[in-house]
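# A look at the structure
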Amino acid sequence: MSDDEKYLDPSEDNVVDTDEVSISDPRALALPDDVLPDTLYILPVSSRPFFPAQVQPVMVDAEPWEDTLEYIADQPQAVVGLIYAERLGPGAPKVETFSHVGCVAKTHRAEKTDEKITFLAQGLKRIEVVEWLSTEAPYRARVRYISDSTVRDDESKAYSIAILDAIKELIRLNPLFSEDLRQYLGRFSFNEPGLLADFAASITSADPHELYDVLATLPIIPRLNSALTLLRKELEIARLQKEISAEVNDKISKHQREFFLKEQLKVIQKELGISKDDRTSDVEMFEERLAGKTVPEAAMKKIDEELHKLSILESGSPEYGVTRNYLDWATSIPWGVHSKDNLDINKAREVLEQHHAGLGDVKDRIVEFLALGAHRQEMGGSIMLLVGPPGVGKTSIGKSIAEALNRQFYRFSLGGMRDESEIKGHRRTYIGALPGKFVQALKDVEVENPVIMLDEIDKIGASFQGDPASALLEVLDPEQNEAFLDHYLDVRVDLSKVLFVCTANQLDTIPGPLLDRMETIRLAGYLTEEKVAIAKHHLWPKQLGKAGLKKAQLKLSDAVLRRLIDGYAREAGVRVLDQLLGRLVRKAVVQFLEQGIDRLLIDQGLLTKWLGAPIFQKQVPQQGMGVVNGLAWTALGGTTLSIEATRVPGQGRGFKQTGQLGSVMQESAQIAYSYVAGAAGAFGIEPGFFDEAFIHLHVPEGATPKDGPSAGITMATALVSLATNRTMKKHIAMTGELTLTGRVLPVGGIREKVIAAKRAGIKTVLLPEANRRDFDEMPDYLKPGLSVHFVSQFDEVAALVF
């Protein structure tokens, strides 16, 4: 059996031998029209339509077609209908998805392999389904046979010649098509243009729907035209494929030639003594890096050992790569290299004032650090922790600090970090080991005294891989970080000259030993006046610059800016304010382009039109019997908190609290209730009031969780107001923890709470006596307009508010 008489199934590598059927003899394979049966078993083909001029293997599932194919093979005609049916999902297709026109094919040599049956199909002629006799597999239908009409005109002859020329060109580009052409010539002649069109379409890789259009086209001339179109597309694809292959082969040949020439050049240079091998070049490169650096003795000893090891290792060994990577890191560290610090205090303060409005505490601390270094003529390191709500400028001030000190700046976030190797590095025994973040920072900035910002230190995590917070203890300890040990380098690195600036939103999640090592500076939220200044001098010019606008083109008055802040951006920071200003600029640019104008003034009407109704309404202190205004601290800054108490008739003695109160706040409410009930006579409360009254205490808003002890005196005041039927003085707010003996204990967040009181129009604030120090340390601009009373006993509170 010759190779020409074998047909390969590309998916199963099955070989179907055709010696016995002699398909090259058309008289042995062709069947007369009158012996073709009127009913056929229909086999769906989902890959592409089958044409009358085709001879190729067809593979189907053994279930449910095995018995059917055996029955067909036993029939004299041994024919089956092949109809294209697009597969839409698993399982056998439905008859509704079958195409109307298909092909009747003679089956040869069916063989079963691995639950699949492969047989050789020889296309005979087109069929059209007249009636479905079985709509489930195995399918059976009554069919009508479609014969090609005889056409012998000049147009069909011209089409045939064009198709033959295209096939010849395709064979020249892809010799694989010559086998298909040889088989066709063994069975048909070119005097049958319909079959020629079918053959031309069948050898292309066109889309199944395009192939079906050719199969369903019965007139000869349109079919020839469609087949020629598909053949031309296939020709273009073949040409493009050949060009790509030639280009790729050319590149490969060029690269191979360059590689051999370079290798020959290396050998020649080595023989002449004008070139060094890789090991020598690496050793010299590392030694050059160390020139001019002051490497500690212990580190230098370790580096020399590794250099000696590198010089005797083979460059192709795995250990060579590990040693080279180590030396690459060890020699890249700026041993003893320091940038020159700016010792001019006035210039440093000018830089800080230029970049940030407010933040006086931080600026004073930086100037103090600078003054100490200027006095000693040597700048050391320091560890600062900036704590405040989001958007107050904690992260951005790190760059300003570096610029004011004329130092390099490096920032990385600790948020979500769970692996201590990120801090102290991996052991060199691990594949892909790297030093920790601090060694990487020194390599990047190329000096030993940068400003390193550790962002989001309160969001650091822990896992089975270690506790990064514990690993930071060595880094942030001034007594230890001068000899910080990185696990990868395994040598001591001096971090004592680094200025560490850490940021956090809250202190609760920072471990105590780590918090103890840092100098905490609290950043409270901004007042409206400060936000207006920040927006005018920083945020608004930045947004205009992003949009490519000049100040004269788009203007925003102070009144509109103040309304924007009060109605839409009342958070402690300025991040939302920045986003809203950017939104206004984008709206203005749209108006510029749509209306063809180049200048615009944003008034309050445009503000409301573009941003909608104000999100925040003006905070008005609540007034009434049993209603008291408290002050609370949140992660977003301070806020006012009204507490309401009322008596529920007909319930008997009882006490109920609502408002999503946490356990600590519920305990504060119970303490306030017990204290006021126990000392009722001292406040003029009728005897037996609490024995008969059911009191309901509520803290709006109900959907917001609340917790903490600072509302103790506020709750007690609300209960006294309710029990005595007296209304509290206007514009008063208070905060403080209450005990069962009536003592008022200190609370936190005084600065944020005072800012919230000023924002809400509160005139009088009651604070614990123990918080007097916190109030005195507040900036002077926060104190005007407020009458502050410090209390140590609740008796003083009652005397002041009623």
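Above this text you will find the structure in question.
The sections below set out a description of the structure shown in this document. (Residues numbered from 1 in each chain as written. Predicted model: local features only at pLDDT ≥ 70, side-chain atom pairs only at ≥ 80, totals over all residues. Heavy atoms only, no water.)

### Looking at helix 19 (residues 558-568)
Within helix 19 the residues assigned to the buried category are Val560, Leu561, Leu564, Ile565, Gly567 and Tyr568. Taken together, the buried residues of helix 19 touch helix 18 (528-547), strand 16 (554-556), helix 20 (575-595), strand 17 (600-602) and helix 21 (604-611). (Buried < 20%, exposed > 50% of the residue type's maximum accessible area, 1.4 Å probe, protein only. Helix = DSSP H or I, 4+ residues; strand = E, 2+ residues; numbered from the N terminus. Contact = heavy atoms within 4.5 Å.)

### Digging into the pattern of salt bridges
Working definition: two side chains of opposite charge can pair if their charged atoms are close together. Counting across every chain of the model gives 29 salt bridges. Put simply, Asp61 and Lys116 hold a salt bridge, and the shortest N to O gap is 2.5 Å. With a gap of 55 residues between them, Asp61 in strand 4 (residues 55-61) and Lys116 in strand 7 (residues 116-134) connect regions that are remote in the sequence. Overall, the relative accessible area of 38% leaves Asp61 in the partly exposed class. Note that Asp148 is salt-bridged to Arg223, the shortest N-O span being 2.9 Å. On the criterion of sequence distance, the pair formed by Asp148 in the loop between strand 8 (139-146) and helix 3 (154-173) and Arg223 in helix 7 (residues 220-272) is long-range, its members being 75 residues apart. The network of salt bridges with common partners includes Arg126, Asp148, Asp198 and Arg223. (Salt bridge = Lys/Arg side-chain N within 4 Å of Asp/Glu carboxyl O.)

### Some remarks on the packing of helix 12 (residues 360-376) against helix 13 (residues 394-405)
Running from N to C, helix 12 and helix 13 point in directions that differ by 30°, and their axes come no closer than 11 Å. It follows from the interaxial angle that helix 12 and helix 13 lie roughly parallel. Relative to helix 13, helix 12 is oriented so that their crossing is right-handed. Where helix 12 abuts helix 13, its residues Val362, Ile366, Phe369 and Leu370 lie against Ile397, Ile401 and Leu405. Across the contact of helix 12 with helix 13, the residue classes tally to seven nonpolar, no polar and no charged. (Axes fitted to C-alpha atoms, helices over the stretch in contact; angles between N-to-C directions. Parallel < 35°, antiparallel > 145°, perpendicular 65-115°, else oblique. Left-handed = near helix turned anticlockwise from the far one by under 90°. Nonpolar A, V, L, I, M, F, W, Y, C, P; charged D, E, K, R; others polar.)

### Concerning the sheet that holds strand 10 (residues 409-413)
Sheet architecture is open: five strands sit in the order 10-11-14-9-15, paired in parallel fashion. Every other strand in the sheet has two partners, leaving strand 10 and strand 15 (519-522) as the edge strands with one partner each. In this sheet, neighbouring strand axes are inclined to one another by 20° on average, regardless of whether the strands run parallel or antiparallel. Pairing of strand 11 (residues 451-455) with strand 14 (residues 499-504), which is carried by four bridges, proceeds in the parallel orientation. Bridging from a neighbouring strand, Ile452 pairs with Phe500 of strand 14. Strand contacts of helix 15 (residues 437-445): strand 10, strand 11 and strand 14, with the helix running at about 150° to strand 10, the strand carrying the most contacts. (Pairing = 2+ DSSP bridges.)

### Let's talk about the side chain of Asp419
Its location among the elements puts Asp419 in the loop between strand 10 and helix 14 (421-424). On the accessibility criterion, Asp419 (17% relative accessible area) is buried. Polar side-chain contacts of Asp419 include one of 3.0 Å to the backbone nitrogen of Ser421. (Polar contact = N/O pair within 3.5 Å; in protein donor to acceptor, adjacent residues only side chain to side chain.)

### A closer look at a negative patch on the surface
A contiguous patch of negative charge, built from Glu63, Asp67, Glu70, Asp74, Asp114 and Glu115, is present on the exposed surface. Overall, the relative accessible area of 60% leaves Asp67 in the exposed class. (Patch = residues over 30% accessible without salt bridge, like charges linked within 9 Å, V, L, I, M, F, W, Y side chains within 5 Å. Areas by Shrake-Rupley, 256 points an atom, 1.4 Å probe, with all protein chains shown as cover. Lys, Arg positive; Asp, Glu negative; His and termini not counted. Charge placed at Lys NZ, Arg CZ, Asp CG, Glu CD.)

### Remarks on helix 10 (residues 318-332)
Taking 1.5 Å of rise per residue, the 15 residues of helix 10 would be expected to cover 21 Å, and the 22 Å separating its terminal C-alpha atoms lies within 8% of that figure. Listing the buried residues of helix 10 in full gives Tyr320, Thr323, Tyr326, Leu327, Asp328, Trp329, Ala330, Thr331 and Ser332. (Expected span 1.5 Å × (residues − 1).)

### Digging into the packing of aromatic side chains
Tallying each qualifying case throughout the model produces 18 aromatic pairs. Between Trp65 and Tyr139, the aromatic rings sit 6.2 Å apart at their centres with planes inclined by 45°, giving tilted as the arrangement. Note that Trp65 is positioned in helix 2 (residues 62-74) and Tyr139 in strand 8, a separation of 74 residues in sequence. The same class applies to Trp65 as to Tyr139, namely buried. The rings of Tyr410, Phe412, Phe438, Phe484 and Phe500 are connected pair by pair, giving a single aromatic cluster. Taking the ring centre of Trp329 as reference, the NZ or CZ of Lys443 above it sits at 4.1 Å. (Phe/Tyr/Trp six-rings, centres within 6.5 Å; stacked < 30°, edge-to-face > 60°. Lys NZ or Arg CZ within 6 Å of the ring centre and 35° of its normal.)

### A few points about the side chain of Gln54
With respect to the helices and strands, the residue Gln54 is situated in the loop between strand 3 (39-45) and strand 4. You can call Gln54 buried: its relative accessible area is 5%. Polar contacts involving the side chain of Gln54 include one to the side chain of Gln56, which spans 2.9 Å.

### Comments concerning unusual backbone geometry
Note the cis peptide between Ala137 and Pro138, where omega equals 0°. With respect to the helices, strands and loops of the structure, Pro138 is situated in the loop between strand 7 and strand 8. A positive phi angle is found at Glu456, which is not glycine, with a value near 55°. Within the secondary structure, Glu456 is located in the loop between strand 11 and helix 16 (468-475). The phi angle at Asp490 is positive, at roughly 60°, despite the residue not being glycine.

These figures come from the coordinates and say nothing about function on their own.
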